[in-house]
Amino acid sequence: MEEKLSSVAKTFTPSPIQELSHLAQRCNAINLAEGFPDFPAPPHIKNAAVSAINSDFNQYRHVQEICDHLAKIVKNMHGLDVNPLTDLAICCGQTEAFAAAVFAIIDQGDEVVLFDPSYETYEGCIAMAGGVPVFVALDPPHWTLDPNKLMKSITGRTKAIVLNSPQNPTGKVFTKDELEIIAGICCTRDCLAITDEVYEHITFDNEKHISLASFPGMQERTIITSSLSKTFSVTGWRVGWAIAPAFIASAIRNIHVKITDSAPAPFQEAALTALRSPPEYFESLRRDYEAKRDYIVKLLAGVGFKIQFKPQGSFFLFAEIPENCPLSDLEYVKEMIQQAGVVAVPGRGFFHTNLSLKRSSEVDHSYQKRYIRFAFCKSNATLAAAALKLLHAKGLKLHSIDKRDA
Ligand SMILES: Cc1ncc(COP(=O)(O)O)c(C=O)c1O
């Protein structure tokens, strides 16, 4: 009966990462793999959710005040004029907002440009809509955008460019110059942009998140997607949104209604409280994550990882495995689980260019098997426990990796 599956469903096979998750569970490993916090959500928004449940917000619901408030936020942050009645759709997380956006604009055979490495979900979504993902490699070690590569990827069938900044998995925040290049190409080649801005409030040092929609000519061709998940440590609440020109936002709302109808009612109520959090909330989020970033960078550099690029945003560190280590990313993670009791994600799952480029033999893609993604959205106690284990393993058994290197 399996032949009855759609051809796209057949392409979605369990990834090697799932096998590692099982190994990690068996070894009771500390989890620096998954991109969600293991610490409590802020009390003020939990109280709002509890109160919404107690007030019987149990039915399908659209909380218009979320749109009203988001319109004010994007005006303050990016200077965008958004009509809260027409230009917004509340969805079940960024994931649904992105899927609905793709279904709203992609026809069979339309090409969609993605940067590589990138968050895994986009590719599958585009494929489900019949679109063709076209990957543009960012250049390691700083994940720089080469304008020529981007230019070359655009064809008469290019419908949209997807931009995730701050980026998962690298922690890159695209520079103003890079954003200008992307915006310029969108405008001159008449492409849309879908942005994923879920890490908009998590930037470090002097980096500031700039929305692609704020560049001249871009608001009319950009679909912004984001959510509560990362900013408020509530990835399970499933409240997100899309902000787009009215005709696209309306299409997204129509698709959203057909897929899920509405985001969870009590959590939409709590979203209002979340979005009204004072500036100090966002500042302390940034500070806390910056301290965690500094901690994990120092830790991993100390146990031999090569860290040429310090995350500028998000809560991921994409670390290169120790220089002379012959193991691949997958093998290294397996060793790390078994010897140190710590799990992270092999980087290869985030790379696609070697698959999508026909002439890939001309390009050296070996770097794609040398990165491991560590999530540092974990309590200080979890990070300290991981540190102890990694340092202990370095002294004892991970040493065997070093020996093999020699
Ligand atoms: C870049 C990026 N976008 C979106 C998501 C998921 O967002 P949401 O929980 O709002 O669906 C994640 C989660 O890891 C992510 O890293």
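About the cut-offs
Residues numbered from 1 in each chain as written. Predicted model: local features only at pLDDT ≥ 70, side-chain atom pairs only at ≥ 80, totals over all residues. Domains from an automatic or database assignment. Contact = placed C-beta atoms within 7 Å. Helix = DSSP H or I, 4+ residues; strand = E, 2+ residues; numbered from the N terminus. Nonpolar A, V, L, I, M, F, W, Y, C, P; charged D, E, K, R; others polar. Near = placed C-beta within 6 Å. Pairing = 2+ DSSP bridges. Axes fitted to C-alpha atoms, helices over the stretch in contact; angles between N-to-C directions. Buried ≥ 20, exposed ≤ 12 C-beta atoms within 10 Å, placed from the backbone. Expected span 1.5 Å × (residues − 1). Core = buried A, V, L, I, M, F, W, Y, C linked by C-beta atoms within 7 Å. UniProt positions renumbered as here; feature names shortened; annotations may be inferred.

Draft legend 1. Highlighting the domain arrangement of the chain. Here the chain is described as being made up of domain 1 (2-40 + 280-405) and domain 2 (59-275). Computed over C-alpha atoms only, the centres of domain 1 and domain 2 are separated by 25 Å. With 32 residues of domain 1 at the interface, the matching set in domain 2 holds 35 residues. A total of six residues in the side of domain 1 that touches domain 2 trace back to one element, the largest contributor, which is helix α11 (residues 279-302). For the side of domain 1 that touches domain 2, the residue count by class is 17 nonpolar, eleven polar and four charged.

Draft legend 2. Local environment of the site of the ligand. Surrounding the ligand, one finds 13 residues, the nearest of these being Gly93, Gln94, Thr95, Ser227 and Ser229. For the shell around the ligand, a count of residues per class yields two nonpolar, ten polar and one charged.

Draft legend 3. Structural detail: the sheet that holds strand β8 (residues 240-243). Read across the open sheet, the seven strands follow the order β2-β8-β7-β6-β5-β3-β4; overall the sheet is mixed. Two strands bound the open sheet, and with one partner strand each, they are β2 (88-91) and β4 (132-137). Direction aside, neighbouring strands of the sheet carry axes that sit 20 degrees apart on average. Pairing of strand β5 (residues 158-164) with strand β6 (residues 192-196), which is carried by five bridges, proceeds in the parallel orientation. By the bridge assignment for β6, asparagine 164 is matched with aspartate 196. Across the sheet, helix α9 (residues 246-259) is in contact with β2, β7 (222-227) and β8; its angle to β2 comes to roughly 25 degrees.

Draft legend 4. Fine view of the pairing of strand β9 (residues 316-320). The buried count for β9 comes to five of five residues, which makes it a mostly enclosed element. Alternating positions in β9 separate into two faces, Phe316, Phe318 and Glu320 on one and Leu317 and Ala319 on the other, with burial throughout. Bridging between β9 and strand β12 (residues 371-375) involves five bridges; their strand directions are antiparallel. Looking at the pairing, phenylalanine 318 lines up with arginine 373 of β12.

Draft legend 5. Spotlight on helix α12 (residues 329-340). Its twelve residues place the ends of α12 15 Å apart at the C-alpha level, agreeing with the 16 Å of an ideal helix rising 1.5 Å per residue. Within α12, burial applies to Asp329, Tyr332, Val333, Met336, Ile337, Gln339 and Ala340. Positive phi shows up at glycine 341, right after α12, with a value of about 75 degrees.

Draft legend 6. Structural context of the nonpolar core. By size, the foremost hydrophobic cluster in this structure holds 78 residues, and its most contacted members are Ala89, Ala100, Ala101 and Ala242. No other element matches helix α5 (residues 93-105), which puts nine residues into this core. If you look at the next biggest cluster of nonpolar residues, it comprises 41 residues, including Ala29, Phe315, Ile337 and Phe374.

Draft legend 7. Spatial organisation of the UniProt feature "domain: Aminotransferase class I/classII large" (unreviewed entry) in the chain. Here, UniProt's "domain: Aminotransferase class I/classII large" (unreviewed entry) annotation points to residues 30-350. With 40% helix and 15% strand, residues 30-350 has end C-alpha atoms that lie 22 Å from one another.

Draft legend 8. Quick look at the environment of threonine 158. Within the secondary structure layout, threonine 158 lies in strand β5. The spacing of threonine 158 and aspartate 110 is 48 residues in sequence and 6.1 Å in space, taken between C-alpha atoms. With sequence-adjacent residues up to four places away left out, threonine 158 is seen in contact with Glu111, Val113, Arg189 and Cys191.

Draft legend 9. Broad picture of the sheet that holds β9. Pairing within the open sheet is antiparallel, and its three strands lie in the order β9-β12-β11. Edge positions in the sheet fall to β9 and β11 (345-346), since each has one partner strand and no second. Pairing analysis gives two bridges linking β11 to β12, with the strands arranged antiparallel. Directly across from proline 346, in β12, lies its bridge partner isoleucine 372. Across the face of the sheet, α12 comes into contact with β11 and β12 while running at roughly 45 degrees to β12.

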